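As a plain string of letters, each chain reads:
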Amino acid sequence: MEEFHKVRRLPPYVFEQVNRLKASARAGGADIIDLGMGNPDLPTPQAIVDKLCEVVQDPRTHRYSSSKGIPGLRRAQAAYYARRFGVKLNPDTQVVATLGSKEGFANMAQAITAPGDVILCPNPTYPIHAFGFLMAGGVIRSMSVEPDESFFPPLERAVRHSIPKPLALILNYPSNPTAFVATLDFYKDVIAFAKKHDIIVLSDLAYSEIYFDGAPPPSVLEVPGAMDVTVEFTSMSKTFSMPGWRMGFAVGNERLIAALTRVKSYLDYGAFTPIQVAATHALNGDGSDIAEVRNVYKRRRDVMVESFGKAGFDVPPPAATMFAWAKIPEKFRHLGSLEFSKLLVEKADVAVAPGIGFGEMGDDYVRLALVENEHRIRQAARNIKKFMSTADETMHNVISLNAHR
């Protein structure tokens, strides 16, 4: 039978190929060091768990919750933005709780996209940034991801040559997967461009608190006038080690937030109320939990950069996020990122995320997640070093999938 229209628009999920290989290796007894999925291994802080356990004892909290988020949670998110970014938000009209930033992005796409609308999207980038709009009937025009002077000439060309004119521009800084960090000056130029051409700005700020060097990453909403055209998405998954809790937010322009809130009201009743209360408790905390998470990732980053470098696999130190974005060693680059990732599982017992899964511009890279402890990261480096040193003898029958294209 022919695939359904929206399913046909989605390419095969390349990460699933690595996941299947990983599962097969584990079933055979292999100890796979998993640096692939960005699934935090750190436990949720105990005080947040305790608050959940306390509130869940009240049967009144077992009923349907609020799709847009309970009032106290929205007030807590507005207070966080005021403390962290100096941005004033109306919790009633400019904040909506989401089931993680991924759901927020996908439903915003449903809310604002007409068939054929053009979306300017970084490449490489986190898959939902593109595929949320593809599923909504939009068309993706790929853009540069590096937040420097090279970012804007392609934007100008896109506005001149896209029919219809682009509807929205996606930003993601600190970036997943590249770990690039934007400056406030860059955001000022983006907002000026967006207002000049009447383009919506959608900013994914999921890694705002996972930074290691220099000043904390800014919010695009710090730019005067940004609220006129911008919605920003944040998540508690990495900041508070709450990935399975599915708690995030969209904040910003009232018209856009209203559109997202209306779509969500037809699709969900919001997160379980005890989760929302526990999330409120986390946001109203003193920030010590966030600092500890950040310090753990920084130590892991430093160990990875050092140990992988000694193994002959150069990993540039990311300034932020829980990921490193590393170019495939020259000897293996012709294989492409998917085949190289498969080899690492098979030959080194190490799983990574192939760069092609984030867009065609990522195929020379792999993403390494800082989700294993320091000992395991060092072991991964030793495994990779052994594999690369013996590759000439063990890879004689490996042929790139691109070899005959």
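By the naming in an unreviewed UniProt entry, the chain goes by Aminotransferase and is assigned to Rhizobium pisi. The heading Sequence similarities (unreviewed entry) in the UniProt record of the chain holds the text "Belongs to the class-I pyridoxal-phosphate-dependent aminotransferase family." Entered under Cofactor (unreviewed entry) in the UniProt record, the comment concerning the chain runs "pyridoxal 5'-phosphate".

Chemist: Honestly, the domain arrangement of the chain in this entry has me stumped. Any pointers?
Modeler: It is common to give the size of an interface as the accessible area lost on bringing the parts into contact. Under the domain assignment used here, the chain contains domain 1 (3-41 + 287-389) and domain 2 (46-282). In terms of surface lost to domain 2, no three residues of domain 1 exceed Arg9, Arg294 and Thr321, which account for 22% of the buried area on that side. Of the charged contacts in the structure, one is a salt bridge between Asp213 and Arg301, with a shortest N-O distance of 2.7 Å. Viewed at the interface, domain 2 and domain 1 are joined by nine residue pairs in polar contact (both at pLDDT 80 or more). Taken together, the elements giving at least two residues each to the side of domain 1 that touches domain 2 come down to helix H11 (288-310) and strand E9 (323-327).

Chemist: Would you take a moment to explain helix H3 (residues 46-56) for this structure?
Modeler: Three- or four-residue spacings in an α-helix give side chains the same orientation, since the helix completes a turn every 3.6 residues. Those residues of H3 lying buried are Ile48, Lys51, Leu52 and Val55. One side of H3 carries all its buried residues, which in axial view fall inside an arc of 100 degrees. The exposed residues of H3 that point more than 90 degrees off its buried face are Gln46 and Glu54. In this structure, the buried side of H3 is in contact with helix H10 (273-283) and H11.

Chemist: What is the right way to look at the UniProt feature "domain: Aminotransferase class I/classII large" (unreviewed entry) in the chain in this model?
Modeler: UniProt annotation of "domain: Aminotransferase class I/classII large" (unreviewed entry) refers to residues 31-382 when read in the numbering used here. Measuring from the first to the last C-alpha atom of residues 31-382 gives 14 Å, for a span that is 40% helix and 14% strand.

Chemist: Sorry if this is basic, but what is going on with the sheet that holds strand E4 (residues 139-143) here?
Modeler: Neighbouring strands of a sheet are bound in pairs by backbone hydrogen bonds; such pairs are parallel or else antiparallel. With respect to topology, seven strands assemble into an open sheet ordered E2-E8-E7-E6-E5-E3-E4, the strand pairing being mixed. In this open sheet, the two edge strands, each paired with only one partner strand, are strand E2 (95-98) and E4. Taken pair by pair, the neighbouring strands of this sheet meet at an average axis angle of 20 degrees, ignoring direction. Pairing between strand E7 (residues 230-235) and strand E8 (residues 248-252): five bridges, direction antiparallel. The residue bridging Glu232 from the neighbouring strand is Val251, located in E8.

Chemist: Help me understand the sheet that holds strand E11 (residues 353-354) in this model?
Modeler: As summarised here, the arrangement of the three strands in space is E9-E12-E11, forming an open sheet in which the pairing is antiparallel. Every other strand in the sheet has two partners, leaving E9 and E11 as the edge strands with one partner each. Of the pairings in the sheet, the one linking E11 to strand E12 (residues 365-369) comprises two bridges and is antiparallel in character. Its bridge partner lying in E12, Pro354 is registered against Val366.

Chemist: Would you explain the confidence of the model for the chain in this entry?
Modeler: Detailed reading of predicted coordinates is not advised where the pLDDT is low. A residue-level look at the chain finds 97% of positions with pLDDT of 70 or above and a mean pLDDT of 93. Every residue in residues 399-405 is under pLDDT 50, and counting partners more than four places away or in other chains gives seven contacts.

Chemist: Teacher, can you tell me more about the pattern of salt bridges here?
Modeler: All chains considered together, the criterion is met by 22 salt bridges. Taking the shortest distance from any N to any O, the salt bridge between Arg300 and Asp41 comes out at 2.7 Å. With a gap of 259 residues between them, Arg300 in helix H11 and Asp41 in the loop between strand E1 (33-34) and H3 connect regions that are remote in the sequence. Among the residues examined, Arg300 registers a relative accessible area of 5% and is labelled buried. Note on Asp41: relative accessible area 38%, which makes it partly exposed. Between Arg60 and Asp58 there is a salt bridge, with its nearest N and O atoms 2.8 Å apart. Exposure remark for Asp58: the relative accessible area of 24% places this residue in the partly exposed category. Look at the salt bridges and you will find they share partners, linking Asp213, Lys298, Arg301 and Asp302 into a network.

Chemist: Teacher, can you tell me more about the packing of H3 against H10 here?
Modeler: For any two helices packed against each other, the geometry comes down to the angle between their axes and how far apart the axes lie. Two elements in contact, H3 and H10, have axes separated by 8 Å at closest approach and are oriented at 145 degrees. For H3 against H10, the interelement crossing comes out right-handed. Note on element contacts: H10 touches H3 through Pro274, Ile275, Val277, Ala278, His281 and Ala282, opposite Ala47, Ile48, Lys51, Leu52, Val55 and Val56. Residue composition of the contact of H3 with H10, by class: 10 nonpolar, one polar and one charged.

Chemist: What am I meant to see in the environment of Ser235 here?
Modeler: Here Ser235 lies in strand E7. Leaving out residues up to four positions away in the same chain, Ser235 has contacts with Ser101, Ala206, Met247 and Gly248. Here Ser237 takes part through its backbone nitrogen, which lies 3.0 Å from a polar atom of the side chain of Ser235.

Chemist: Looking at this model, I keep getting lost on the packing of aromatic side chains. Mind explaining?
Modeler: The relation between two aromatic rings is expressed through the spacing of the ring centres and the mutual angle of the planes. Within the structure shown, the criterion is met by 18 aromatic pairs. Ring geometry for Tyr207 against Phe323: centres 5.7 Å apart, planes inclined by 70 degrees, an arrangement best described as edge-to-face. Placement of the pair is Tyr207 in the loop between strand E6 (200-204) and E7 and Phe323 in strand E9, with a sequence separation of 116 residues. Given the relative accessible area of 4%, Tyr207 is considered buried. Between Trp325 and Phe358, the aromatic rings sit 6.0 Å apart at their centres with planes inclined by 85 degrees, giving edge-to-face as the arrangement. Residue Trp325 is found in strand E9, and its partner Phe358 is found in the loop between E11 and E12; the two are separated by 33 residues along the sequence. Owing to a relative accessible area of 10%, Trp325 belongs among the buried residues under this scheme. Note on Phe358: relative accessible area 4%, which makes it buried. Three or more aromatic residues joined by ring pairs make a cluster, and in this case those are Phe151, Phe152, Tyr173, Phe186 and Tyr187. Taking the ring centre of Phe323 as reference, the NZ or CZ of Arg367 above it sits at 3.8 Å.

Definitions and limits used
- Numbers given to residues run from 1 along each chain, matching the order in which its sequence is written.
- Per-residue local features are limited, in this predicted model, to residues with pLDDT of at least 70; the limit for side-chain atom pairs, both in listing and counting, is 80 or more; totals at the level of whole chains, interfaces and linings are taken over all residues.
- In computing side-chain values, all of the structure's heavy atoms are included and hydrogens and water are not.
- UniProt positions are given in the numbering used here, feature names are shortened, and annotations may be inferred rather than shown by experiment.
- Each domain span listed reflects an automatic or database assignment of domains.
- Put simply, buried area is the surface a 1.4 Å probe can reach on two separate parts but cannot reach once they are joined, added for both.
- In what follows, salt bridge is the name for a side-chain nitrogen of Lys or Arg lying within 4 Å of a carboxyl oxygen of Asp or Glu.
- Whenever a nitrogen or oxygen atom comes within 3.5 Å of another N or O atom, the pair is scored as a polar contact, on the condition that within protein one atom can donate a hydrogen and the other can accept it, and that pairs from neighbouring residues in sequence are kept only if both atoms are in side chains.
- The way it works is that DSSP assigns letters per residue, a run of H or I at least four long becomes a helix, a run of E at least two long becomes a strand, and they are numbered from the N terminus.
- Here the term buried applies to any residue with accessible area under 20% of the maximum for its type, exposed to any over 50%, and partly exposed to those in between, with areas from a 1.4 Å probe on protein chains only.
- Note that the arc is defined by the directions from the helix axis to the C-beta atoms.
- Contacts are assigned to residue pairs with any non-hydrogen atoms lying within 4.5 Å of each other.
- DSSP bridges decide pairing: two strands pair if at least two such bridges lie between them.
- Orientation is described by lines fitted to C-alpha atoms, with helices fitted over the stretch in contact, and by angles between N-to-C directions that extend from 0 to 180 degrees.
- The quantity known as pLDDT measures the predictor's confidence residue by residue, on a range of 0 to 100.
- Here a crossing is taken to be left-handed if its near helix is turned anticlockwise relative to the far helix by less than a right angle, and right-handed if that turn runs clockwise.
- Three classes are used: nonpolar for Ala, Val, Leu, Ile, Met, Phe, Trp, Tyr, Cys and Pro, charged for Asp, Glu, Lys and Arg, and polar for all others, with Gly counted as polar.
- Two rings from Phe, Tyr or Trp (for Trp, the six-membered ring) form a pair when their centres sit within 6.5 Å of each other. Planes less than 30 degrees apart are called stacked, planes more than 60 degrees apart edge-to-face, and all others tilted.
- Think of it as a cone above the ring: NZ of Lys or CZ of Arg counts as a charge over the ring if it is within 6 Å of the ring centre and within 35 degrees of the ring normal.

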